[in-house]
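Below are the chains, spelled out letter by letter.
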Amino acid sequence: MSKVAVAYRVVAYVVGINLIFVIGAWIAQMATDDFSWWNRNSDLIGVIDMIHGYLFMALLVLIAVLSRRYHWKPAFTITTMLFATIPLVSFWAEHRATLAIRRDESVPVS
């Protein structure tokens with residue numbers, strides 16, 4: 001598998017885990033009082049959220065690079081990008097894209 005594909009897989013997993021944390025932290029902040037750990041550390045959560053945003057932008061760039069390299073159809077590229085925004089579904093989207101990459105790499109070039 002190419003280095004770009006491996007980088008995509010790593011970033012996709014990190015973004016997926018980070019997305020679950022960010023949404024969980026947001027729910028915890030809404031559900032708890034002002035003196036809970038979640039609300040007292042909102043600055044830390046904000047930094048983690050910002051890092052998530054930068055990583056997500058990198059993920060979109062990696063998807064676009066892979067799309068051009070492996071000649072994905074526009075619908076496949078767009079759905080992969082959209083699915084990356086949904087907690088837990090993002091892991092399935094990564095798996096689906098990895099299968100497409102492996103399938104394309106196994107086809108002999110003539």
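None of these values were measured; they are calculated from a predicted model.

### Points about empty space enclosed by the protein
Okay, so step 1: Inspection of every chain in the model, using the stated rule, returns 1 cavity of 30 Å³ or more.
Okay, so step 2: Considering only enclosed or pocket space, the largest cavity measures out at about 40 Å³ in volume.
Okay, so step 3: As for the largest cavity, its lining consists of Tyr8, Ala12, Leu59, Ile63, Thr80, Ala84, Ser90, Ala93 and Glu94.
Okay, so step 4: Element by element, the count of residues in the lining of the largest cavity is highest for helix H5 (residues 89–106), at 3 residues.
Okay, so step 5: Of the residues belonging to the lining of the largest cavity, the class tally is 6 nonpolar, 2 polar and 1 charged.

### Re the nonpolar core
Okay, so step 1: Tyr8, Leu59, Leu66, Trp72 and Ile101 are the most contacted members of the largest nonpolar core, which totals 18 residues.
Okay, so step 2: Among the secondary structure elements, those contributing two or more residues to this core are helix H1 (3–31), helix H3 (42–69) and H5.
Okay, so step 3: In terms of residue count, the dominant contributor to this core is H1 (6 residues).
Okay, so step 4: Sequence-distant contacts of tyrosine 8, that is, excluding residues within four places in its chain, are made with Leu59, Leu62, Ile63, Leu66, Thr80, Ala93, Glu94, Ala97 and Thr98.

### With respect to the environment of arginine 102
Okay, so step 1: Looking at the secondary structure, you find arginine 102 in helix H5.
Okay, so step 2: When the C-alpha positions of arginine 102 and methionine 1 are compared, they lie 7.2 Å apart, and in sequence the two are 101 residues distant.
Okay, so step 3: For arginine 102, the residues in contact, after removing those within four places along its chain, are Met1 and Arg9.

### Focus: H3
Given 3.6 residues to a turn, an α-helix orients residues that are three or four positions apart in the same direction.
Okay, so step 1: Taking 1.5 Å of rise per residue, 28 residues should cover 40 Å, and H3 covers 40 Å from first to last C-alpha, within 8% of that figure.
Okay, so step 2: Taken together, the buried residues of H3 touch H1, helix H2 (37–40), helix H4 (74–83) and H5.
Okay, so step 3: Taken from the residues just after H3, histidine 71 is the one with a positive phi, measuring 55 degrees.

### Thoughts on the packing of aromatic side chains
Okay, so step 1: Overall, the coordinates contain 5 aromatic pairs when judged by the stated rule.
Okay, so step 2: Ring centres 4.9 Å apart and planes at 75 degrees place the aromatic pair tryptophan 72 and phenylalanine 76 in the edge-to-face group. The residues tryptophan 72 and phenylalanine 76 share a single accessibility class, namely buried.
Okay, so step 3: By the ring-pair criterion, three or more aromatic residues cluster together here, those being Phe21, Trp37 and Trp38.

### Quick look at the packing of H4 against H5
Okay, so step 1: Close contact between H4 and H5 brings their axes to 8 Å; oriented N to C, the two are set at 150 degrees. On the basis of their axis angle, the class for H4 and H5 is roughly antiparallel. Of the two possible hands of crossing, H4 and H5 adopt the one that is left-handed. Contact with H4, carried on its side by Phe76, Thr79, Thr80 and Phe83, involves Val89, Ser90, Trp92, Ala93, Arg96, Ala97 and Ala100 of H5 and no other residues of that element.
Okay, so step 2: Class assignment for the residues of the contact of H4 with H5 results in 7 nonpolar, 3 polar and 1 charged.

### Focus: a nonpolar patch on the surface
Okay, so step 1: Taken together, Val47, Met50, Ile51, Tyr54 and Met57 make up a surface patch of nonpolar side chains, about 500 Å² in accessible area.
Okay, so step 2: Mapped onto the elements of the fold, tyrosine 54 is located in helix H3.

Procedures and definitions
Residues numbered from 1 in each chain as written. Predicted model: local features only at pLDDT ≥ 70, side-chain atom pairs only at ≥ 80, totals over all residues. Heavy atoms only, no water. 1 Å grid on protein atoms, 1.4 Å probe; cavity = no way out; pocket = protein on both sides within 12 Å on 5 of 7 lines; lining within 4 Å. Points joined across faces, edges and corners; volume = space filled by probe spheres on them. Helix = DSSP H or I, 4+ residues; strand = E, 2+ residues; numbered from the N terminus. Nonpolar A, V, L, I, M, F, W, Y, C, P; charged D, E, K, R; others polar. Core = buried A, V, L, I, M, F, W, Y, C linked by side-chain atoms within 4.5 Å. Buried < 20%, exposed > 50% of the residue type's maximum accessible area, 1.4 Å probe, protein only. Contact = heavy atoms within 4.5 Å. Expected span 1.5 Å × (residues − 1). Phe/Tyr/Trp six-rings, centres within 6.5 Å; stacked < 30°, edge-to-face > 60°. Axes fitted to C-alpha atoms, helices over the stretch in contact; angles between N-to-C directions. Parallel < 35°, antiparallel > 145°, perpendicular 65-115°, else oblique. Left-handed = near helix turned anticlockwise from the far one by under 90°. Patch = residues over 30% accessible without salt bridge, like charges linked within 9 Å, V, L, I, M, F, W, Y side chains within 5 Å. Areas by Shrake-Rupley, 256 points an atom, 1.4 Å probe, with all protein chains shown as cover. Salt bridge = Lys/Arg side-chain N within 4 Å of Asp/Glu carboxyl O.

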